[in-house]
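Coordinate analysis (summary)
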Number of protein chains: 2
Amino acid sequence: MLTSLAKTVGRIPASWGRHAWSIGSEDPRRAVHALKAGTALTLVSLLYILEPFFQGIGKNAMWAVMTVVVVLEFTAGATICKGLNRGLGTVLAGCLALLIELVAAGTGKVLRAFIVGASVFIVGFAATYTRFFPAIKKSYDYGVLIFLLTFNLITVSSYRQQDVVSLTRDRLSTIAIGCAICLFMSLLVLPNWSGEDLHSSTVGKFQGLATSIEACVNEYFRDQDEGDDVLGKQEARASIQIGYRAVLDSKSSDETLAHYASWEPRHSMHCYSYPWQKYVKLGSVLRHFAYTVAALHGCLESEVQTPPSVRSLFRGPCTRVAREVAKVLQELAASIKHHRRCAPDVLSDHLHEALQDLNSAIRSQPRLFLGSKHACAANKRVLLMELNSGSGKLSASRAALRSFKTDATALSETRNARSDQPPPPSDRSERSGGLLRPTLSKIAITSLEFSEALPFAAFASLLVEMVVRLELVIEEVKNLERVANFRELATGHNHLIVDLGSKEKTRNSNAAALHPVSAAAE
Amino acid sequence: MLTSLAKTVGRIPASWGRHAWSIGSEDPRRAVHALKAGTALTLVSLLYILEPFFQGIGKNAMWAVMTVVVVLEFTAGATICKGLNRGLGTVLAGCLALLIELVAAGTGKVLRAFIVGASVFIVGFAATYTRFFPAIKKSYDYGVLIFLLTFNLITVSSYRQQDVVSLTRDRLSTIAIGCAICLFMSLLVLPNWSGEDLHSSTVGKFQGLATSIEACVNEYFRDQDEGDDVLGKQEARASIQIGYRAVLDSKSSDETLAHYASWEPRHSMHCYSYPWQKYVKLGSVLRHFAYTVAALHGCLESEVQTPPSVRSLFRGPCTRVAREVAKVLQELAASIKHHRRCAPDVLSDHLHEALQDLNSAIRSQPRLFLGSKHACAANKRVLLMELNSGSGKLSASRAALRSFKTDATALSETRNARSDQPPPPSDRSERSGGLLRPTLSKIAITSLEFSEALPFAAFASLLVEMVVRLELVIEEVKNLERVANFRELATGHNHLIVDLGSKEKTRNSNAAALHPVSAAAE
């Protein structure tokens, strides 16, 4: 027993090691960043350890060590933002503290204590209150914190230490040294750019949406027969979620990345200021687009389902529309990825044709959009009348009738099959308490009495809506391209580029995430 | 000119003052928190200023000041979390530093420098790498930072200062004093609880969704005639967004609040651990519900619109379903707000009836779901045949025909009106470049050829889907109620409570947000 315990305990470090390794292999930049942090800390420690440095700086070298620990962040933009905040906060706090020192100079001990206490209270109140201002909170929260820290440090120290000016100077210079080391490490040694991250995450969003849409429509029209393996089905459905969920949840990370990216100098070289806020805007338009994808996915998981026989009638055109939309998204992803303008005719005629096909497919099956019972009655009446009138159109209408009848049979078959078995088993049905069962089934039955084509109408309508919103996305992409000065499309071999791009995309999307430096060197 | 400049400059402080005042009046807890921060800072400064304290603690009192600045957060949970992180990080770092000191003790100067440098590098690398672990990042990021800070401080200092043990002890005790002052201020003086915030934001989400749904459906069925004022329309549409957008964007704030709330002791008194994670779960189910609301709102803004004459046919049942859904949401909000279980029959028969009304309304107008041209042809054929057959049903079918004709006329009128004027003016049409116009109109025309009832079918289907998802929400609320031990519904006067709750809700929702303490005292 003891040996098994020892073995179990022995396995813990191994599993931790594997976990640590997986985190590093997911994104090797993490390990590189950790190495950079270790190096920066060792460098700054030398200030204290090496004799010549220590004689110049003295014990205050500790401030430099603290600065490095706090300021060095994963991306260059975040480091610059924090470094500048720390510098600015320290300078302003130093100035204010010296001013108060000037006022308090030469006063008695009690009055001095009062002045120090009152200024600490007032500045503490004001600075804390300022942190609630949205503009300050967004960009300068850390600066205000450091301002408060430095101010208190200097003001309170000044009560017992007379040489406040040298204290301020030491604090400023050591913090400057710390910031300099951080900036060197962050900007010049294998830098990670927030801008690159934002760029590649935007490209990834387009690709994710394209995958989601295609998977969702394919799943919707998948034959029930092949879909017997519940596991494979659940996997396919889970993969649909990943694409659009990433877009829907991207708001805060987009904003943070764009905020840090706006501090990064790199892109300012080839245009005055790179429009990172346009990426945020594009992200919000993409979220708007993704709501439709989420609703489309909702159709897939809805309790009220159009029977497969009906669905299969529209399989061709719907799949085609989805494929064309996905293709447009992939082209947009490729053009953003390579910083070039997308083709003016990116919203191709193929999509237009696919939409028209869908339109005519829906028009060719008008009876489906009748409520089924009602439809039967109406149908019988037409049949009777046609028999009475005995017109030449009999054979044609009979053919139409037969096709409808097949559908009606399919409908009733599905209904019977459904009433035999309880509502489809999902993970929620196990969780729910007994109270809810009757209500759920009540609703389910009510819903089933709706025209079965209604959910399909919603599906088709969402597809059309998606195309309309796709235009908004394209508009926003063109906006971005214009403002960011993407290079013009080389005419002639544009399709070649697109094809290459789409082929290489899976390989590159990983590579871009992992080696931002090489991607930046492109 | 100088006087006008002086006036302008003179107005700046006034406008800043107004801005500051508005931020405080939005949530007076902010001003209270700022006052608390000022008081805490003054208190901790006394450690340095007052003679007896200074003799005991000395210059290290500065660590206490820094701790207060950094640890005191807006809510109690956040303060506890940061304080514990800081304490734990310091203790662990102190232990490790002492261990290394033990190893390095008695070695020569060069070897000692090497040991210090190597340990700084290794610990720096390991700690920075650890911060990428999701579990660590979520709960202990600040603790690891403080660990690194303290470790470096002590280890590097130990190179020149022999009395490392007393340095460690001083740092620990001063940080403990700082944390104690923070905890006192945060937990005992007018505390803000993250849990209360999470609770009231959850209630607010339900209310926002209810408002959104009702406003959205009302807007959908609003007569075009009254809707001539574009400004009022835009305002109404903007108000729809607020409700569901707040739900869609709530993910990260929910998680943060739940994380901090889990540190708060308050609710642990009446049950072992309050299920804050259930609120996060409920938030995610609500987001799932809100996707449908977003899609419903999309129907309102879609380029393809069902003509008002057709819509008005379904106005009654649709509005009723929406009202019932909103009512259920309001009841759920009220029951969560007052920590009591909701009625078992919260999904009322009214909703059931409203759904059935909608169902029969859709069934009574089957022809609407035909494509319009096709419908006309089919209609004419029926008419001819009925004339031929000369059956007794003529008059009834004529009445049906007339009503359809009216709709058809309305359709063509709308289409003409649309083709006269360019696509509806929205803010994007001004923004868009010239390139896009032709494509947009191409799509718009294609879309218009779809059956006009298709968008309405989507709308109706989304309403039904919303009811289905409402059940999932109710299930999750009941889960929460069970796990959180909400008190049982007092039978008999439950409806009285609900009514009172819904009447007072607008008044209370503000009051709850502003005075969490009084809300907590309920």
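Residues numbered from 1 in each chain as written. Chains lettered and ligands numbered in written order. Predicted model: local features only at pLDDT ≥ 70, side-chain atom pairs only at ≥ 80, totals over all residues. Heavy atoms only, no water.

1. Considerations on the packing of aromatic side chains
We count it as follows: Aromatic pairing here means that ring centres of Phe, Tyr or Trp (its six-membered ring) are within 6.5 Å. Orientation follows from the plane angle: under 30 degrees is stacked, over 60 is edge-to-face, and everything else is tilted. Each helix is a run of H or I in the DSSP string that is no shorter than four residues. Each strand is a run of E no shorter than two, and both are numbered from the N terminus. Exposure is judged per residue with a 1.4 Å probe applied to protein chains only, and the accessible area is read against the type maximum: over 50% gives exposed, under 20% gives buried, and values in between give partly exposed. Put simply, a charge is over a ring when the Lys NZ or the Arg CZ is close to the ring centre, within 6 Å, and near the line of the ring normal, within 35 degrees.
For the coordinates displayed, the defined rule picks out 18 aromatic pairs over all chains. For the pair A:Phe132 and B:Phe74, a centre-to-centre distance of 5.4 Å together with 75 degrees between the ring planes defines the contact as edge-to-face. Of the two residues, A:Phe132 sits in the loop between α6 (109–130) and α7 (134–139) while B:Phe74 sits in the loop between α4 (61–71) and α5 (76–104), which places them in two different chains. An identical accessibility class is assigned to A:Phe132 and B:Phe74; each is buried. Ring plane angle 5 degrees and centroid distance 3.8 Å describe the contact between B:Tyr220 and B:Phe459, whose orientation is recorded as stacked. Here B:Tyr220, found in helix α10 (residues 194–220), pairs with B:Phe459, found in helix α21 (residues 453–483); they are 239 residues apart in sequence, far enough to count as distant. The pair B:Tyr220 / B:Phe459 is uniform in exposure class, with both members buried. Just above the ring of A:Tyr48 sits the side chain of B:Arg160; from NZ or CZ to the centre is 6.0 Å. If you follow B:Arg171 out to its NZ or CZ, it ends over the ring of B:Trp63, 4.3 Å from the centre.

2. So, the environment of B:Val464
Looking at the element boundaries, B:Val464 is found in helix α21. A sequence separation of 397 residues divides B:Val464 from B:Thr67, and the C-alpha atoms of the two residues are 55 Å apart.

3. Observations concerning the domain arrangement of chain A
All names here are of chain A. Definition in use: Reported domain spans reflect what an automatic or database domain assignment gives. Contact criterion: two residues are considered in contact whenever any of their non-hydrogen atoms come within 4.5 Å of each other. Buried surface area refers to the total accessible area, computed with a probe of radius 1.4 Å, that the two partners give up upon joining, counted for both partners together. When a carboxyl oxygen of Asp or Glu is within 4 Å of a side-chain nitrogen of Lys or Arg, the pair counts as a salt bridge. Think of a polar contact as two N or O atoms within 3.5 Å of one another; within protein, one of them needs to be a possible hydrogen donor and the other a possible acceptor, and neighboring residues in sequence only count if both atoms come from side chains.
Along its sequence, chain A is organised into domain 1 (20–188) and domain 2 (194–367 + 451–484). Placing the centre of domain 1 and that of domain 2 at their C-alpha centroids yields a distance of 46 Å. Taken together, the contact pairs twelve residues of domain 1 with seven residues of domain 2. A combined buried area of about 830 Å² lies between domain 1 and domain 2, and 66% of that area is made up of carbon and sulfur atoms. Summed over the three residues of domain 1 that lose the most area to domain 2, namely Thr-75, Gly-77 and Cys-81, the buried surface amounts to 38% of that side. Linking domain 1 with domain 2 are one salt bridge. For the salt bridge of Arg-29 with Asp-197, the shortest nitrogen-to-oxygen distance reads 3.0 Å. Counting across the interface, domain 1 meets domain 2 through three residue pairs in polar contact (both at pLDDT 80 or more).

4. Description of the confidence of the model for chain A
Residues and elements named next belong to chain A. The line we're drawing: Note: pLDDT gives the predictor's confidence per residue, expressed from 0 to 100.
Mean pLDDT over chain A works out to 73, with 72% of the residues at or above the 70 mark. Low pLDDT, under 50, characterises residues 369–449; the predicted model gives this stretch 91 contacts beyond four residues in sequence or across chains. Contacts of residues 492–522 to residues separated by more than four positions or lying in other chains number 24 contacts, the stretch itself having pLDDT below 50.

5. Concerning the side chain of A:Thr128
Tracing the backbone through its elements, the reader meets A:Thr128 in helix α6. A polar contact is formed between the side chain of A:Thr128 and the backbone oxygen of A:Gly124, at a distance of 2.6 Å. Those residues in contact with A:Thr128 that sit more than four places away from it in its chain are A:Leu148, B:His33, B:Ala34 and B:Ala37.

6. Observations concerning helix α9 (residues 164–188) of chain A
Helical geometry: 3.6 residues make up each α-helical turn, so side chains three or four residues apart lie on a common side. All names here are of chain A. We apply this condition: Here, expected helix span is obtained from the residue count minus one, scaled by 1.5 Å.
Here α9 contains 25 residues, and its C-alpha end-to-end distance of 35 Å stays within 8% of the 36 Å for a straight helix at 1.5 Å per residue. Of all the positions in α9, only Val-164, Ser-166, Thr-168, Arg-171, Thr-174, Ile-175, Gly-178, Cys-179, Ile-181, Cys-182, Met-185 and Ser-186 are classed as buried. In the stretch just after α9, Leu-190 is the one whose phi turns positive, near 40 degrees.

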